[in-house]
Amino acid sequence: MSRPAAPRGTRDLFGDEVRRFHHIEGRAADCFRLYGYEELRTPVFENVELFRRAVGDTTDIVEKEMYVFEDRGGRALALRPEGTAGVVRAYLEHAWDQSAPVKKLFYAGPMFRAERPQAGRYREFRQTGGEFFGNGSPEADAETLLLMRDILAAAGLPKDAAVFSVNSLGCARCRPAFRDALRAYLEPKKATLCENCQRRLAVNPLRVLDCKGDGPALGDAPVSTDHLCADCRGHHDRVLALLRAASLRFVETPRLVRGLDYYTRTVFEVTVAGLGAQDAIGAGGRYDGLVKSLGGPDTPAVGFAFGVDRLARALEAHRVVIPAPRRVFIAQTGNGTADAAFRLADEMRAGGLWESAPLAVEVGAPGKSLKSQFRAADGWGAAWVLLVGEEELKKQTVILKDLRAGSQREVSLARAVTEVLETIAAEKPS
Ligand code: HAM
């Protein structure tokens with residue numbers, strides 16, 4: 001009978017990969033807290049209407065990529081394709097717009113998009129991101145970018161590996177002029193555009209710039225920064241000045257448009273070279289109109305999300321080592337050794353509850369031969385075996401074996417736990 005397989009575009013996470021995910025989400029959470037963010041966990045599915053209104057009806061995400069389903073009560077739901085819409089929904093649902101108009105929220109979790117899978121692009125992927133409500137200043141945008149920089153540094157990505165691209169899309173006042181210029185530029189090329197873009201041209205020409213199909217080259221299309229109103233220009237210049245003063249490595253990218261409709265003014269994307277086509281490890285921007293368009297008061301907001309799967313690939317590509325737990329296997333042989341082995345494991349686990357050098361402790365099953373216990377230790381990836389033998393126990397000692405070095409020494413039973421912990425702490429993580 002054929003064995004079941006994970007659905008296309010999804011995968012199991014284990015071993016080094018899952019360790020990298022924990023590391024990224026953990027270091028990101030530290031940074032978010034440092035910047036005053038609180039964690040929010042929103043549902044994995046929401047009413048489909050929320051994404052239509054927030055992300056935009058003419059975006060690829062809403063038009064083609066959402067997992068939409070009807071529940072038994074006939075409600076139209078969707079697996080969340082991104083995190084911002086749910087966070088804004090929660091911000092309004094809990095009336096934080098009234099009780100805490102300035103609010104910073106962060107999240108981590110799976111997102112779902114029915115995209116064509118390839119290296120770095122999945123149908124289930126994970127994001128960790130943050131949303132900053134109630135501060136419309138350029139300082140809030142610059143701070144958001146510096147927070148992204150700090151998360152990458154805390155995750156261990158080398159300083160020069162990431163490039164920040166920054167642009168401004170203008171606001172509700174100046175965007176129409178840009179849209180008109182874009183439409184005028186695209187209209188003569190209409191016949192060469194894909195079917196989707198021909199339709200989008202009338203409603204939302206910005207989406208044409210974001211087309212993933214093989215349409216015509218649009219390298220000389222008008223750019224948003226040529227159409228900014230005085231306020232947006234001033235805002236943008238101040239963001240760039242703050243980033244320069246902070247020595248952030250960024251490039252002004254007038255062609256950056258982003259694939260979601262809610263953005264206003266500042267938008268940005270972070271890429272890492274060497275990851276192939278899917279080199280964007282994170283992105284975001286300001287979205288001053290979204291809270292209001294979902295029924296709330298006029299509230300400025302800015303946010304971003306890292307793709308955890310892609311950031312994990314970047315760490316791997318840059319050979320960033322995440323410390324693995326040191327595995328200690330306690331083997332036993334002979335009469336009366338099971339009690340001592342059981343007690344040793346308990347003491348060692350109590351001593352191992354410290355974060356900087358994680359420890360994993362396993363005990364051989366009583367009654368199994370020494371050979372089979374060593375096989376188990378090997379299969380489990382033990383670095384050390386603590387052997388509790390009948391003869392040694394009489395002398396109140398145990399044997400500590402370093403499996404990689406192939407060496408061993410006898411240590412006193414009373415000091416065994418301290419001895420192992422000290423030896424491990426002195427080792428370099430691998
Ligand atoms: P986004 O650019 O659609 O923005 O996604 C953010 C990041 O998620 C991307 O840069 C990428 O690293 C990762 N990502 C997206 N799709 C996939 C996929 N199919 N497979 C693997 N990784 C993927 C947003 O989602 C916005 N909500 C960000 C934001 C927050 N803007 C304001 N606040």
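Let us look at the structure shown here.

### Describing the pattern of salt bridges
- Here the structure, examined in full by the defined rule, presents 38 salt bridges.
- In this structure, Asp 60 and Arg 200 form a salt bridge, with 2.5 Å as the shortest nitrogen-oxygen distance. Note that Asp 60 is positioned in helix 3 (residues 60-65) and Arg 200 in helix 8 (residues 195-203), a separation of 140 residues in sequence.
- On the accessibility criterion, Asp 60 (8% relative accessible area) is buried.
- By sharing partners, the salt bridges in this structure join Arg 11, Glu 17, Arg 20, Glu 124, Arg 126, Asp 309 and Glu 316 into a single network.

### A short note on the packing of aromatic side chains
- Scanning the model with the defined rule gives 10 aromatic pairs in all.
- Where Phe 32 meets Phe 106, the ring centres are 4.9 Å apart and the plane angle is 10°; that geometry is what we call stacked. Here Phe 32 is found in helix 1 (residues 15-34), whereas its partner Phe 106 is found in strand 5 (residues 103-112), with 74 residues between them in sequence.
- Ring geometry for Tyr 91 and Phe 133: centres 4.1 Å apart, planes at 10°, overall stacked. With a gap of 42 residues between them, Tyr 91 in helix 4 (residues 84-93) and Phe 133 in strand 6 (residues 124-133) connect regions that are remote in the sequence.
- An aromatic cluster is built from Phe 32, Tyr 37, Phe 106, Phe 304 and Phe 306, whose rings are joined through pairwise contacts.
- The ring of Trp 96 carries Lys 103 above its face, with NZ or CZ at 4.7 Å from the centroid.
- Stacked on the ring of Phe 132, the Lys or Arg Lys 104 has its end atom at 4.5 Å from the ring centre.

### Concerning the site of the ligand
- Every one of the 27 residues lining the ligand counts as a neighbour, but Glu 82, Glu 115, Glu 131, Tyr 263 and Ala 280 are closest to it.
- In the model, a nitrogen atom of the ligand is placed 2.8 Å from a nitrogen or oxygen of the Glu 131 side chain.
- When isolated, the ligand has an accessible area of 650 Å², and the protein chains bury 96% of it.
- For the shell around the ligand, the leading source of residues is strand 10 (residues 280-286), giving six residues.
- Looking at side-chain class alone, the shell around the ligand contains 12 nonpolar, eight polar and seven charged residues.

### Notes on the pairing of strand 11 (residues 301-307)
- Burial of strand 11 is extensive: seven of the seven residues sit out of reach of the surface.
- Neither face of strand 11 is exposed, since Ala 301, Gly 303, Ala 305 and Gly 307 on one face and Val 302, Phe 304 and Phe 306 on the opposite face are all buried.
- Sheet topology places strand 6 next to strand 11; seven bridges connect them, and they run antiparallel. Residue pairing in the sheet places Gly 129 in a bridge with Ala 305 of strand 11.
- Across five bridges, the pairing between strand 10 and strand 11 is antiparallel. Of the residues in strand 11, the one forming a bridge with Arg 286 is Val 302.

### Details of the sheet that holds strand 14 (residues 384-389)
- A sheet is described by the order of its strands in space; here five strands give the open sequence 13-12-14-15-16, paired in mixed fashion. With partners counted over all chains shown, the strands left at the sheet margins are strand 13 (359-363) and strand 16 (407-412), one partner each. The sheet shows a mean angle of 25° between the axes of neighbouring strands, taken without regard to direction.
- Sheet analysis places strand 15 (residues 397-402) next to strand 16, joined by six bridges and oriented antiparallel. Looking across to strand 16, one finds that Thr 397 is bridged to Ser 412.
- Against the sheet, helix 16 (residues 416-426) contacts strand 12 (326-333), strand 13, strand 14, strand 15 and strand 16, and its axis sits at roughly 140° relative to strand 16.

### Let's talk about helix 6 (residues 138-155)
- Over its 18 residues, helix 6 extends 26 Å from the first C-alpha to the last, a length consistent with the 26 Å expected when each residue adds 1.5 Å.
- Of the positions making up helix 6, those classed as buried are Pro 138, Ala 140, Asp 141, Ala 142, Thr 144, Leu 145, Leu 146, Leu 147, Met 148, Ile 151, Leu 152 and Ala 155.
- Looking one or two places after helix 6, you find Gly 156, whose phi comes out positive at around 100°.

### Looking at the packing of helix 6 against helix 10 (residues 230-245)
- Relative orientation of the contacting elements helix 6 and helix 10 amounts to 40°, with a least axis distance of 8 Å. The angle between the axes of helix 6 and helix 10 places the two elements in the oblique class. Handedness of the crossing formed by helix 6 with helix 10: right-handed. Contacts from Pro 138, Glu 139, Asp 141, Ala 142, Leu 145 and Leu 146 of helix 6 reach helix 10 at His 235, Arg 238, Val 239, Leu 242 and Leu 243.
- Residue composition of the contact of helix 6 with helix 10, by class: seven nonpolar, one polar and three charged.

### Thoughts on the sheet that holds strand 1 (residues 38-39)
- Read from one edge of the open sheet, eight strands run 1-5-6-11-10-9-7-8, paired in mixed fashion. Two strands bound the open sheet, and with one partner strand each, they are strand 1 and strand 8 (250-252).
- Summarising the sheet, strand 5 and strand 6 pair through 10 bridges and their orientation is antiparallel. Each residue of the ladder has a partner; that of Lys 104, found in strand 6, is Phe 132.
- Strand contacts of helix 1: strand 1, strand 5, strand 6 and strand 11, with the helix running at about 0° to strand 6, the strand carrying the most contacts.

### A closer look at the nonpolar core
- In terms of nonpolar packing, the biggest core is built from 44 residues, with Leu 152, Leu 243 and Ile 281 touching the most fellow members.
- Within the residue set of this core, elements represented by two or more residues are helix 1, helix 6, strand 7 (162-168), helix 10, strand 9 (266-272), strand 11 and helix 12 (308-317).
- When residues of this core are assigned to their parent elements, the largest contribution, nine residues, is made by helix 6.
- Once residues lying within four places of it in the same chain are set aside, the contact partners of Leu 243 are Ala 142, Leu 145, Leu 146, Val 166, Leu 248 and Phe 250.
- Membership of the second largest hydrophobic core comes to 35 residues, among which are Val 55, Tyr 91, Trp 96 and Tyr 107.

Cut-offs applied
Residues numbered from 1 in each chain as written. Predicted model: local features only at pLDDT ≥ 70, side-chain atom pairs only at ≥ 80, totals over all residues. Heavy atoms only, no water. Salt bridge = Lys/Arg side-chain N within 4 Å of Asp/Glu carboxyl O. Helix = DSSP H or I, 4+ residues; strand = E, 2+ residues; numbered from the N terminus. Buried < 20%, exposed > 50% of the residue type's maximum accessible area, 1.4 Å probe, protein only. Phe/Tyr/Trp six-rings, centres within 6.5 Å; stacked < 30°, edge-to-face > 60°. Lys NZ or Arg CZ within 6 Å of the ring centre and 35° of its normal. Near = heavy atom within 4 Å. Polar contact = N/O pair within 3.5 Å; in protein donor to acceptor, adjacent residues only side chain to side chain. Areas by Shrake-Rupley, 256 points an atom, 1.4 Å probe, with all protein chains shown as cover. Nonpolar A, V, L, I, M, F, W, Y, C, P; charged D, E, K, R; others polar. Pairing = 2+ DSSP bridges. Axes fitted to C-alpha atoms, helices over the stretch in contact; angles between N-to-C directions. Contact = heavy atoms within 4.5 Å. Expected span 1.5 Å × (residues − 1). Parallel < 35°, antiparallel > 145°, perpendicular 65-115°, else oblique. Left-handed = near helix turned anticlockwise from the far one by under 90°. Core = buried A, V, L, I, M, F, W, Y, C linked by side-chain atoms within 4.5 Å.

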